[in-house]
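# Per-entry structural report
The residues making up each chain are set out below.
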Amino acid sequence: MIRIRFVSLAVLLSIIAISCSAETNRDTPVKVENVNITITQNIQSTQGVLPTRTQTKQIKTATLEPVKNTPTIQSTKTAFLPASCPTGKGYTWSKVFSADTSYITDIYSSGDGNYLIGGVVDANDGIWVAKINPQGELIWQKKFVPSHTRLHLAPNGNFLLSSQTGSIEIDTNGNIVQSINMERMQPNADGSNTIVDGSRVMRYTNPEKPQWSYSIDKSETFSELSSDGGVIYAYAGSYIDKSVYWMPIYTDIKVIKIYGNGYIRQSVYGKLVGYETLDYMTTTNDGGAILSGTHYYEELGIDYDIWLMKINQSGGLSWQSTLKYPPTMDTIAGLYILSQGYLVISEDYINNTLRLVKLGKNGALAWQKQVNSIRGTISIIAVADMPDGGFIMYGQTQEMKGVDFLARFNSKGELLWEKLTSFNQIDNTPDTYVETIFPLPDGNILLGGSTNRLGLGVSDSYGAWLANIKDEGEVLGFLNVSPGKFTIINTMSNRPNNLPDEIIESDPLTIKKINPKVIQTTYQALPACLNGGVSLPTLKALLSLTPSITPTPSLKRDLYLTTPKCMQGADVLLLQQRLLELGYTEVGEPDGIFGKMTQTAVRLFQEKNGLEVDGYVGPKTWQKLFSDAAISNDK
């Protein structure tokens, strides 16, 4: 879900004062009153969309008043900040950057033992880039304009800031190496640049005499710059099979690889029967790419498979694997390249389950798991490779008053530990979420994101958050992990080149220098004290935030799942509270909205009580639910 961040140029930090246990060792607190950091600048905003995961999440708004027994902390106008955070809580250090920083999106090694971080700035357009040492201390910090920019690592060891108005190359000290008017630029190791501008691509050392320049006459095409200085295009194309008299229409996947030297190879992959869609393409360090999508079998009705292909540096097929789990409509929700293979994430909307599939480097199935939480369906925001062959992932639950969590898996797919970082839309609790994860050589982990935690209290505004945590925790029981059910088959192979040629030589692109504004920033790093295990409220309190209610047999309308807008109201809240009272925790936190979690709990109640299992709350289900004969979930 999207967090809405309100940050001003003059930020008055209102913090919550909480009492400290006498048994906790803390540094002497520092009293901070009316912390104001003012930066005067005049920047012209530019239009554009920041390509981050958080922009695709649905905004959820609470419609009910907070329940009376929700844990609360009284706010004060004065912040009491300790010199550092208490130790022994799973965090080596945890810092929030004040002023108009908003959240950190990227972390990279700078190659000299330090790290570069990139963050989004709210109050004024621009990207904040800083260099930190292993202790999280700032070495330098700058803000670059234009806005809506992400930090990327280039093949030549420098870093890129790319936006709709141009690309900026900087070195590890934040100095601008070059800046041009092209949105997508790649500085190559040999000193050349490869640029993509819409349907055109060019590689050059001297822009007036490029090594090669092409254009592709095809809309809705995936394009990625490859590590060898070339580019890979791919799309799902339709064609008519004229070999039979009824001339059916099929689709195949067209892959066009332009080598670093300008040589072109065009290949087609697919299956004669059915339709392919291309949903993901990610380049690999060997100059190739991973492609993934779904395959729809017309003759089988609603049967969808998930296919994956590894394209090598020359554009040929290295391996192909298809995940099949009939008769569900499988979709791919994420694809991550790991050091020892690939992690595929699929969403099962029918069973409210997330599926994790680990493939080896050759595409073979290593392991698979089905994952959900005690609060229902989850989504994954960030994944990072770990040295032991496992990974750590950050996710969120999808119902109202959701929970943010970290989960660590080993190389066999076993859950090692969990941490809860945030409880959304619950008043006066820390709202700390993660955008990027970066494992460190010493075994610890850097987390980058945003938090409203400042010192020991909760702030009225959010700041960019950076934390160093230990690779440790405990299994809280928040996630439910069970074996997966996919089978691996092969569906995709080389096909005749029955799709037209789209690549033609073109005139050179016009390269112009731009003059981005660079502002020296002086943001302060303040402590953000967070628990390493469970934030407030505790996991135990989370399951019983709403007190039980007096049952009532009154039912004025039937209750069931509706789309796209869910049914909601006081009667839905009564239903949810009664289900929770009977131990059907699958309903999640009662919020008065009949969502998928509520439907799951209703179906389970109906099954245990001998009713028709349809997730539809009519008079029979309602009367049974509020009767003394209702069977609870623990029987």
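Structure report, in brief. Here, residues in each chain are numbered from 1, in the same order as that chain's written sequence. Two thresholds apply to this predicted model, a pLDDT of at least 70 for residue-level local features and 80 or more for giving and counting side-chain atom pairs, whereas whole-chain, interface and lining totals are computed over all residues. The basis for every side-chain value is the complete set of heavy atoms in the structure, and neither hydrogens nor water enter the calculation.

### Structural notes on the overall build of the protein chain
- Helix and strand definitions follow DSSP, with helices as H or I runs of at least four residues and strands as E runs of at least two, each counted in order from the N terminus. Scanning the protein chain from terminus to terminus reveals 4 helices and 40 strands.
- Exposure categories follow from relative accessible area, calculated using a 1.4 Å probe and restricted to protein chains: below 20% of the type maximum is buried, above 50% is exposed, and the middle band is partly exposed. Within the protein chain, the fraction of its 635 residues that count as buried is 56%.
- Residues count as neighbours in contact if any of their non-hydrogen atoms are within 4.5 Å of one another. By sequence separation, contacts in the protein chain at least 24 residues apart represent 58% of the contacts at least 6 residues apart.
- Carbon and sulfur atoms form 50% of the exposed surface of the protein chain, whose accessible area is close to 27,500 Å². Using the Shrake-Rupley algorithm and a 1.4 Å probe, accessible areas are obtained, with residue cover drawn only from the displayed protein chains.

### Some points on helix α2 (residues 570-581)
- With 12 residues, α2 extends 16 Å between its outermost C-alpha atoms, agreeing within 8% with the 16 Å of an ideal straight helix rising 1.5 Å per residue.
- The complete set of buried residues in α2 reads D571, V572, L575, Q576, Q577, R578, L579 and L580.
- Close packing links the buried residues of α2 with α3 (596-608) and α4 (619-625).
- At the exit of α2 stands G583, carrying a positive phi of roughly 90 degrees. To estimate the expected span of a helix, subtract one from its residue number and multiply by 1.5 Å.

### As for the pattern of salt bridges
- We define a salt bridge as a contact between a side-chain nitrogen of Lys or Arg and a carboxyl oxygen of Asp or Glu at a distance within 4 Å. This model, assessed by the stated rule, comprises 11 salt bridges.
- K257 is paired through a salt bridge with D228; the nearest N and O atoms lie 3.1 Å apart. Of this pair, K257 sits in strand β18 (residues 249-258) while D228 sits in the loop between β16 (222-225) and β17 (231-240), and the two are 29 residues apart along the sequence. Assigned by exposure class, K257 and D228 land together as buried.
- In the salt-bridge network here, residues are joined through shared partners; they are D388, R408 and D471.

### Structural notes on the side chain of S321
- Note on placement: S321 falls in strand β23 (residues 317-324).
- The buried category is assigned to S321, whose relative accessible area is 4%.
- Side-chain polar atoms of S321 contact the backbone oxygen of G363, separated by 2.6 Å.
- In contact with S321, other than residues within four places in its own chain, are I306, W307, L308, G363, I488, I489 and N490. Counting of polar contacts relies on pairs of N or O atoms within 3.5 Å, with two restrictions inside protein: one atom must be capable of donating a hydrogen and the other of accepting it, and residues adjacent in sequence are counted only when both atoms are side-chain atoms.

All quantities given are derived from atomic positions and should not be read as evidence of function.
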